[in-house]
Each structure stands twice: as C-alpha cells, then as structure tokens.
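Inside the fold
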Amino acid sequence: MHEFAIETKGLRKAFGRQTVLDGIDLTVRAGTIFALLGPNGAGKTTLINILSTLTKPDGGSAYVAGRDVVRERDAVKRSISLTGQFAAVDDMLTAKENLRMMGRLSGFTADEARARTAELLKLFDLEASAGKLVKTYSGGMRRRLDLAVSLVADRPVLFLDEPTTGLDTVSRRALWETILQLRSRGMTIFLTTQYLEEADQLADRIAVIAGGRIVASGTAQELKSRVGEDMIELRGADDELLAVHATDGSIQDIRRTLNELAGKVPADTRISLRKPSMDDVFVALTTTRLEEAAQ
Ligand SMILES: Nc1ncnc2c1ncn2[C@@H]1O[C@H](COP(=O)(O)OP(=O)(O)OP(=O)(O)O)[C@@H](O)[C@H]1O
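Residues numbered from 1 in each chain as written. Predicted model: local features only at pLDDT ≥ 70, side-chain atom pairs only at ≥ 80, totals over all residues.

By the naming in an unreviewed UniProt entry, the chain is ATP-binding cassette domain-containing protein, taken from Paenibacillus glycinis. Under Subcellular location (unreviewed entry), UniProt gives the following word-for-word description of the chain: "Cell membrane". Turning to the chain, the UniProt record has this under Sequence similarities (unreviewed entry): "Belongs to the ABC transporter superfamily. Drug exporter-1 (DrugE1) (TC 3.A.1.105) family." (UniProt positions renumbered as here; feature names shortened; annotations may be inferred.)

**Points about the sheet that holds strand β6 (residues 80–82)**
Pairing is mixed across the open sheet formed by six strands, whose spatial order is β6-β7-β8-β3-β9-β10. Only two strands of the sheet have a single neighbouring strand rather than two, namely β6 and β10 (213–218). In this sheet, neighbouring strand axes are inclined to one another by 20° on average, regardless of whether the strands run parallel or antiparallel. Two elements, strand β7 (residues 157–161) and strand β8 (residues 188–193), share five bridges in a ladder whose sense is parallel. Looking across to β8, one finds that Leu160 is bridged to Leu191. Against the sheet, helix α6 (residues 169–184) engages β3 (33–37), β7 and β8, with an angle of about 150° to β8. Packed on one face of the sheet, helix α8 (residues 220–227) meets β9 (205–210) and β10 and runs near 110° to β10. (Pairing = 2+ DSSP bridges. Helix = DSSP H or I, 4+ residues; strand = E, 2+ residues; numbered from the N terminus. Axes fitted to C-alpha atoms, helices over the stretch in contact; angles between N-to-C directions. Contact = placed C-beta atoms within 7 Å.)

**A look at the site of the ligand**
Neighbouring residues of the ligand: Phe15, Val20, Gly38, Asn40, Gly41, Ala42, Gly43, Lys44, Thr45, Thr46 and Gln194. In terms of residue count, the dominant contributor to the shell around the ligand is helix α1 (residues 44–51) (three residues). Counted by class, the shell around the ligand contains three nonpolar, seven polar and one charged residues. (Near = placed C-beta within 6 Å. Nonpolar A, V, L, I, M, F, W, Y, C, P; charged D, E, K, R; others polar.)

In structure tokens form, the structure reads like this:
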C-alpha cells in the first residue's frame, strides 16, 4: 500500500476567468480521515471532482492510490468510491434490492451480492427497513443508503462531498459513527464539509481552503493552537454575543484585553473564558488570508 492515498502538487483549475483552485498541495496518509473545510464556493467540490477523475485539472498533478488522475484515470476509478455521484439509488426499489442490484452491476455473483448486501445493511443500521421502498425513507436513512450503495464494491479510498449537509443532529452523529467504522476497516476517507465541528470530530487532519488555496492544515488541535490558547467571550444581558477575543490565557493578557474593552461594552456584560472552537480557527485563518490578499 502507498504511504499516501492522495497526493496533489500545484493543482490548478479555472472556469473561464475564475480561478477556483490556485495551486493546491496536499497529502492524505492511507487509512486516515482527511477533512477539507471551506465555505460555499471555496472549490471543495471541484477538488473532489478532479481527484475522482470527473473533472480535468488545468495544471499541477494529483495521485490517488498511487495513480495519476489524468493519465491513469481507469485505475483511479477502480480504487475509489464516490458518494452521491456513481451511487444511483432507485426510489422505487427497497434498500435490499438496490444493494443487490449494485452488487451484480459490480460483477458479484448472486450469492456474493446477497452476502455483501447483508453486511452493508448491518453496518449502516438499515436491517429493520431493508424491505421498505426507498421513497418512504427519512433523509438520514436515505443518506446512509447512498453511502452503503457507493461502498458495495470494496475500494480503498472514499470521497464524501458534504456527507451530512441537511441532516439533523441525530442522523449526523449516526453517520459520523459509520464513517469512523470505515476508517477502522482501513479505508482512507476524504471528506468536504462546511461544518467545523464535523472536521473536528472526525478528521485526523484538516485543511482549510479559502480563495482557491489551502490557508492552513494540521490536526484540529494544531489549528486551534494557531488562534490562541483561550477565547474571552463577552455576552450581554440577554446572553447575546458581544465580542470574542483570543488570549494567551495569562492574567496580564486578560487584564489588558478587559481594560481595552472597559467603557466600550455595557456594565452588565458577562465574561467567560473558553477553548477556541473550529469556528474561531476558521474566522482567524480566512481573515488573515483575505487581509494578505488585499495588501
Ligand atoms: N462547471 C463549472 N463551470 C463554471 N463554474 C464552475 C463550475 N463548477 C464550479 N464552478 C464555480 O467554481 C467555484 C467553486 O465551486 P465548488 O462547487 O467547487 O465549491 P464548493 O466549495 O464545493 O462549494 P459548495 O459548498 O457550495 O458546494 C464556484 O464559484 C462555482 O460557481
């Protein structure tokens, strides 16, 4: 197995005059979960499309499972699963029928398809509703089935484009559990997300994309430590957020910050100290980047 399941260097893509990816360098170690975090329109889907061979890059290189996404397109396709794109779930069939059909289309014998179907229904907690038509499924069940169908053929690298967008908290957490189980089976998972908490909970490493570039990467802890040790939060009488300031947590720094704020906030303002969230990291990193671009 290759040390890196995914490797890109100087990857570029423009649509007309709009540069969407402006030199992306990243590596994803095999058997890990990697989260690409970015706001709407940051280029996350474009990057997934290039890595899964659906879109050609304009420049740079990208290797998936050791194969070049442009020159060895078919070999890359045989190494990956992509949820929501190749996985065509038929609403008028049951979950069991969908999975068996995908098994047969992937070249399994009827027995193999049956065995794989049973395994996936169990893994995705869909056994109880396996015989119901998919059109009667909830959003969360449907998303789990999408993922199950895309995993029928056992491939080492999985791409998930915003897997939990639109799901409620319970379904989101259930899907996180499943994604973690896939990693424990040795799969490499590359996911995109706009949810900072999702990246924080799931990913071994996170890269933040903004303005077509990776503005920061590291573990959740490393990214958080770039923002500051602690955050001072000021809230008004109705618990509304008035301000957040990064601090190194020392008495001097906290005193200095509070002195600066004194007189600028109402007298009944409440103060609390908390650890930085991924939201804080995101705001800090993307603002710096935009400031640099403006200069
Ligand atoms: N085929 C295309 N033709 C023209 N422009 C495109 C095409 N695909 C994407 N874009 C543009 O590229 C930019 C990045 O889009 P992309 O879908 O990669 O972003 P994203 O980070 O996945 O955003 P979202 O979270 O909204 O899905 C957007 O401005 C989009 O309009």
